[in-house]
2 protein chains.
Amino acid sequence: MTSDELQRVLALLETRRADSLNDLLEFASIPSVSAQPQHASDMQRAADWLTERLRRCGPLTAEQWPTAGHPAVYAEWLGAAGAPTILVYGHYDVQPPDPLERWHTPPFTPTVVGERVYGRGVSDDKGPLLIAVQVADAYFSALGSLPVNVKFLFEGEEEIGSAHLPALVEQQAERLKADFVLSADGGMWSADIPSLTISARGIAALEFTVRGPSKDLHSGRHGGSLHNPLHAISALVASLHDAAGRVAVPGFYDGVQERSPAEREATRQLPFSDEAYLAQTGAPAGYGEEGFSTLERQWDRPTLELNGLWGGYTGEGSKTVLPSEAHAKLTCRLVPGQNPERIPGLIEAHLRRHLPPGVTLEVRHSDHQASAYHLPAGHPGRRVAREVLAQVYGRPPLEVGMGGSIPVLETFSRVLGIDTVFFSFAVGDEDIHAPNEFFRIPRIAQGQHAWALYWTLLAQEPHA
Amino acid sequence: MTSDELQRVLALLETRRADSLNDLLEFASIPSVSAQPQHASDMQRAADWLTERLRRCGPLTAEQWPTAGHPAVYAEWLGAAGAPTILVYGHYDVQPPDPLERWHTPPFTPTVVGERVYGRGVSDDKGPLLIAVQVADAYFSALGSLPVNVKFLFEGEEEIGSAHLPALVEQQAERLKADFVLSADGGMWSADIPSLTISARGIAALEFTVRGPSKDLHSGRHGGSLHNPLHAISALVASLHDAAGRVAVPGFYDGVQERSPAEREATRQLPFSDEAYLAQTGAPAGYGEEGFSTLERQWDRPTLELNGLWGGYTGEGSKTVLPSEAHAKLTCRLVPGQNPERIPGLIEAHLRRHLPPGVTLEVRHSDHQASAYHLPAGHPGRRVAREVLAQVYGRPPLEVGMGGSIPVLETFSRVLGIDTVFFSFAVGDEDIHAPNEFFRIPRIAQGQHAWALYWTLLAQEPHA
């Protein structure tokens with residue numbers, strides 16, 4: 001493939017700018033919330049829309065792969081004989097939009113405001129995912145072919161832990177064979193400076209309920225003589241961390257691989273400002289495990305975070321109730337050396353050891369788990385990504401970690417034996433998983449340029 | 001008034017049993033939830049229904065007294081020259097029915113099951129309140145007059161702290177003049193053994209919010225580097241009690257009047273079983289301040305109870321959020337010697353002292369407060385109540401405390417200078433403030449007998 005051919009692809013993408021944005025406005029108007037059963041038919045609508053969009057690209061085969069949960073959408077084009085094969089990964093499901101009252105525009109009416117489009121899922125992951133599809137479309141339109149073999153796998157359960165994807169990948173392992181995964185999920189940490197994510201934390205999840213009396217009681221009549229589940233759950237939650245911000249669960253840090261002094265120094269050299277970070281998040285001060293910087297706390301250290309805590313009367317006014325139950329949801333972020341299957345058991349044992357008298361404890365384990373991930377230095381997909389980003393942005397990318405988790409990475413590694421290169425054009429400040437999620441519209445063109453260049457450069461790499 | 005005249009009243013009440021129950025079915029079908037703005041028109045409907053019901057009793061004057069909140073319903077008959085005047089107190093508002101899914105019958109479709117009627121407010125306080133009205137009705141029908149002068153004051157804000165009643169009582173002090181209050185609110189502690197409540201705990205309330213980042217964040221990306229408000233609020237709540245079950249807020253116990261050894265012994269002699277209490281409430285074990293029995297913890301010791309605690313994602317499935325805010329509602333029950341205006345400030349100071357770094361605290365004080373109450377020994381209203389209950393039940397009543405609070409008691413004492421005698425026929429196990437609240441139908445007839453006898457016996461007392 002010549003530089004001239006690439007220019008024709010880029011020129012075509014340039015003429016399709018409005019179409020590209022319209023794709024996203026249409027796709028993001030489908031409320032594909034995988035966690036909420038009432039959106040089951042919207043999930044199917046989103047899968048259908050995406051399948052149809054892939055078919056419109058050209059000589060791709062596109063199909064849906066059912067799972068025990070939401071279907072995955074798969075497409076492939078394998079006409080580049082002798083060239084590498086990449087597996088493009090993304091997800092069409094989105095987070096619940098709650099709390100709804102905090103949105104300034106309706107979450108499922110994608111709204112353009114200046115250079116941003118607002119809506120649930122525009123940044124995580126519908127916008128970044130469409131970039132890959134639109135690049136394939138442009139190659140087919142301009143040249144009739146792609147420079148590399150491409151397989152697309154877009155799942156519908158990323159936001160609920162990709163529970164059924166491992167079985168699907170095992171079942172379809174033959175068709176999914178590729179040299180590596182190029183992930184449209186993930187994100188860069190700044191809109192101005194390109195970055196390449198070389199690690200992701202793992203995850204483990206747990207829910208628990210504390211029960212006292214078998215029904216809600218009057219807190220005047222009974223208060224003081226029975227243990228209040230809200231007091232008991234607070235004591236349990238408080239016991240999970242020590243005063244130095246460390247997780248207090250025995251065994252939690254077993255096997256954690258500490259970063260080398262050189263790696264820690266590289267992280268310290270990154271252009272990161274605690275002041276700017278606090279201004280961006282609105283938190284009054286940083287807080288975390290003593291002895292580590294903010295970026296180390298986000299990338300290199302494991303966490304235990306409550307995601308939800310509730311019980312008793314939460315409505316308007318007062319209700320003098322001694323509630324029967326209190327509930328908590330938590331997730332841990334894990335680093336290399338921690339086993340996501342072992343962590344929930346350690347937490348449960350800790351909770352049972354600290355359970356106060358007068359209440360009972362029910363712990364529900366979750367299949368939402370994944371190991372931490374690290375992309376090896378010298379991987380060809382990492383080398384190409386560095387080169388592409390250097391050309392598109394005029395400077396080499398920073399190599400950074402990711403605090404979040406993509407459970408499917410572990411599946412690709414374990415089942416297919418391949419690594420994953422993150423190549424998303426989302427930015428970390430785009431309020432994913434929060435109200436007013438947005439995506440930067442200029443990143444669509446930048447992302448398309450980068451993905452088009454990536455495929456061309458990869459085809460020129462000595463095949464591994 | 002002769003014993004024969006009383007018999008005619010009782011006989012008439014006997015013929016009206018079905019009507020009496022129908023009154024309650026009708027009244028309790030009006031969802032008069034004072035705490036919830038969406039029920040404002042239902043509150044007015046309930047006030048109108050009650051006003052109309054009073055007018056149907058006979059030569060009573062009945063009217064509504066507006067307040068800055070929900071109106072009070074007032075009625076009087078002052079034709080018993082030279083006889084004592086009693087002020088009958090009750091409330092027509094009810095608690096919110098949440099959690100709705102725990103009700104076996106619709107909360108506002110009162111449902112008769114065997115000897116019970118189920119519905120929000122049937123026990124607290126619509127059933128007990130109607131007994132007094134129905135007794136007046138029967139006296140007028142049978143005899144054309146009452147043996148004592150009677151004033152009825154039924155408020156619509158008891159469940160939200162009777163915030164506007166003090167101003168109303170002050171404004172109407174002249175019309176409300178009476179020898180004492182006979183309260184249709186309150187309750188006996190058993191359906192089989194009569195009891196007379198001689199004390200009530202006071203109340204003070206507080207809400208607080210802990211804030212971290214200015215918006216919900218992704219717990220993978222940000223977790224570990226900012227303080228999670230759910231962790232911070234749990235630590236705050238856990239700090240409010242010590243390991244011995246005592247409230248850990250400095251100054252909280254200042255001025256608390258300890259019971260004398262004789263009083264503690266009298267409480268110990270009451271027929272109360274911890275085993276039966278746990279079986280009734282379904283709690284796995286008792287819990288509370290060390291060194292005190294269950295009844296002392298309920299009647300004689302102050303408490304600090306969380307009524308609601310919430311933050312983050314509480315819906316189905318998982319949402320990996322580091323929430324911006326966490327919220328708590330709490331109420332204290334107070335005993336003689338504690339000042340309800342001082343307690344919230346002590347709690348706020350404690351919370352501020354224990355506030356962890358990385359979050360801010362907002363405390364909202366409430367006007368839901370009342371002092372503890374104690375009915376003097378030798379009060380004529382207490383003497384008559386003992387005699388009535390001994391006649392109706394064939395044994396003298398137990399003298400017991402009340403864990404809950406009726407803020408208006410303090411108002412009657414302070415503004416009108418009069419004491420309050422509790423004379424409700426609700427029973428403490430009727431799930432008031434909880435799902436499946438019920439009232440025992442035979443208690444309607446017993447209560448009518450007792451109220452009718454009370455008025456006759458009071459008229460025969462040497463006038464204080």
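Residues numbered from 1 in each chain as written. Chains lettered and ligands numbered in written order. Predicted model: local features only at pLDDT ≥ 70, side-chain atom pairs only at ≥ 80, totals over all residues. Heavy atoms only, no water.

1. Considerations on unusual backbone geometry
Residues and elements named next belong to chain A. The omega torsion of the bond from aspartate 98 to proline 99 falls at -5°, within 30 degrees of zero and hence cis. In this structure, aspartate 431 takes a positive phi of about 55° despite not being glycine. The class for aspartate 431 is buried, based on a relative accessible area of 11%. (Buried < 20%, exposed > 50% of the residue type's maximum accessible area, 1.4 Å probe, protein only.)

2. Focus: the relation of the copies chain A and chain B
For these two chains of identical sequence, chain A goes onto chain B by a turn of 180° and a shift of 0.0 Å along the axis, with RMSD 0.0 Å. In the structure described here, the two chain copies are related by an operation that fits a two-fold rotation axis. Taken as a fraction of all interface residues of chain A, those also at the interface in chain B reach 99%, which identifies the copy contact as same-surface. (Least-squares fit on C-alpha atoms with pLDDT ≥ 70 in both. Contact = heavy atoms within 4.5 Å.)

3. A short note on the sheet that holds strand 4 (residues 111-113) of chain B
Residues and elements named next belong to chain B. Strand order in the open sheet formed by 3 strands is 4-5-18, and the pairing between neighbours is antiparallel. Each edge of the sheet is formed by a strand with only one pairing partner; in this case those strands are strand 4 and strand 18 (438-440). When the angles between neighbouring strand axes are averaged without regard to direction, this sheet yields 25°. In terms of strand pairing, strand 5 (residues 116-118) meets strand 18 through 3 bridges, oriented antiparallel. Residue valine 117 lies in a different strand from strand 18, and its bridge partner there is phenylalanine 439. (Pairing = 2+ DSSP bridges. Helix = DSSP H or I, 4+ residues; strand = E, 2+ residues; numbered from the N terminus. Axes fitted to C-alpha atoms, helices over the stretch in contact; angles between N-to-C directions.)

4. Overview of the side chain of serine 20 of chain B
Looking at the element boundaries, serine 20 of chain B is found in helix 2 (residues 17-27). The contact partners of serine 20 of chain B, leaving out residues within four places of it in the chain, are Gln134, Ile444 and Gln448 of chain B.

5. Regarding the UniProt feature "domain: Peptidase M20 dimerisation" (unreviewed entry) in chain A
Look at the UniProt record and you will see "domain: Peptidase M20 dimerisation" (unreviewed entry) annotated at residues 199-358 of chain A. Split by type, residues 199-358 of chain A is 31% helix and 22% strand. Its first and last C-alpha atoms lie 44 Å apart. (UniProt positions renumbered as here; feature names shortened; annotations may be inferred.)

6. Brief notes about the interface of chain A and chain B
At the junction of the two partners, chain A supplies 91 residues and chain B supplies 90 residues. Together, the buried faces of chain A and chain B total about 7500 Å²; carbon and sulfur atoms form 53% of this surface. When residues of chain A are sorted by the area they lose upon contact with chain B, Arg221, Tyr287 and Lys319 of chain A head the list and together hold 10% of the total. There are 2 salt bridges connecting chain A and chain B. Two residues, aspartate 431 of chain B and lysine 215 of chain A, come together in a salt bridge whose shortest N-O distance is 3.3 Å. (Buried area = accessible area lost by both parts, 1.4 Å probe. Salt bridge = Lys/Arg side-chain N within 4 Å of Asp/Glu carboxyl O.)

7. Describing the pattern of salt bridges
Side chains that differ in charge, positive against negative, can pair when their charged atoms come close. This structure, assessed with the given rule, holds 58 salt bridges over all chains. Between glutamate 14 of chain B and arginine 17 of chain B there is a salt bridge, with its nearest N and O atoms 3.1 Å apart. Residue class for arginine 17 of chain B comes out partly exposed when judged on its relative accessible area of 46%. In this structure, the salt-bridge partner of arginine 175 of chain B is glutamate 76 of chain B, at a minimum N-O distance of 3.7 Å. Here arginine 175 of chain B is found in helix 6 (residues 173-176), whereas its partner glutamate 76 of chain B is found in strand 2 (residues 72-77), with 99 residues between them in sequence. Arginine 175 of chain B sits in the partly exposed class, given a relative accessible area of 29%. Each of Glu207, Arg211, Glu325, Lys329, Glu362 and Arg364 of chain A takes part in one network of salt bridges that share partners.

8. Concerning the packing of aromatic side chains
The relation between two aromatic rings is expressed through the spacing of the ring centres and the mutual angle of the planes. All names here are of chain A. Applying the stated rule across the entire model yields 32 aromatic pairs over all chains. With a centroid separation of 5.7 Å and an interplanar angle of 50°, the aromatic rings of tryptophan 189 and tryptophan 299 are classed as tilted. Placement of the pair is tryptophan 189 in the loop between strand 7 (180-183) and strand 8 (195-200) and tryptophan 299 in helix 10 (residues 294-299), with a sequence separation of 110 residues. An aromatic cluster is built from Tyr139, Phe180, Phe423, Phe425, Trp451, Tyr454 and Trp455, whose rings are joined through pairwise contacts. (Phe/Tyr/Trp six-rings, centres within 6.5 Å; stacked < 30°, edge-to-face > 60°.)

9. Focus on the domain arrangement of chain A
Residue and element names in this part refer to chain A. What the domain assignment reports for chain A is domain 1 (3-200 + 372-460) and domain 2 (203-256 + 302-365). Computed over C-alpha atoms only, the centres of domain 1 and domain 2 are separated by 36 Å. Each partner contributes to the interface: domain 1 provides 4 residues, whereas domain 2 provides 5 residues. Of the roughly 380 Å² buried where domain 1 meets domain 2, counting both sides, 57% is carbon and sulfur surface. (Domains from an automatic or database assignment.)

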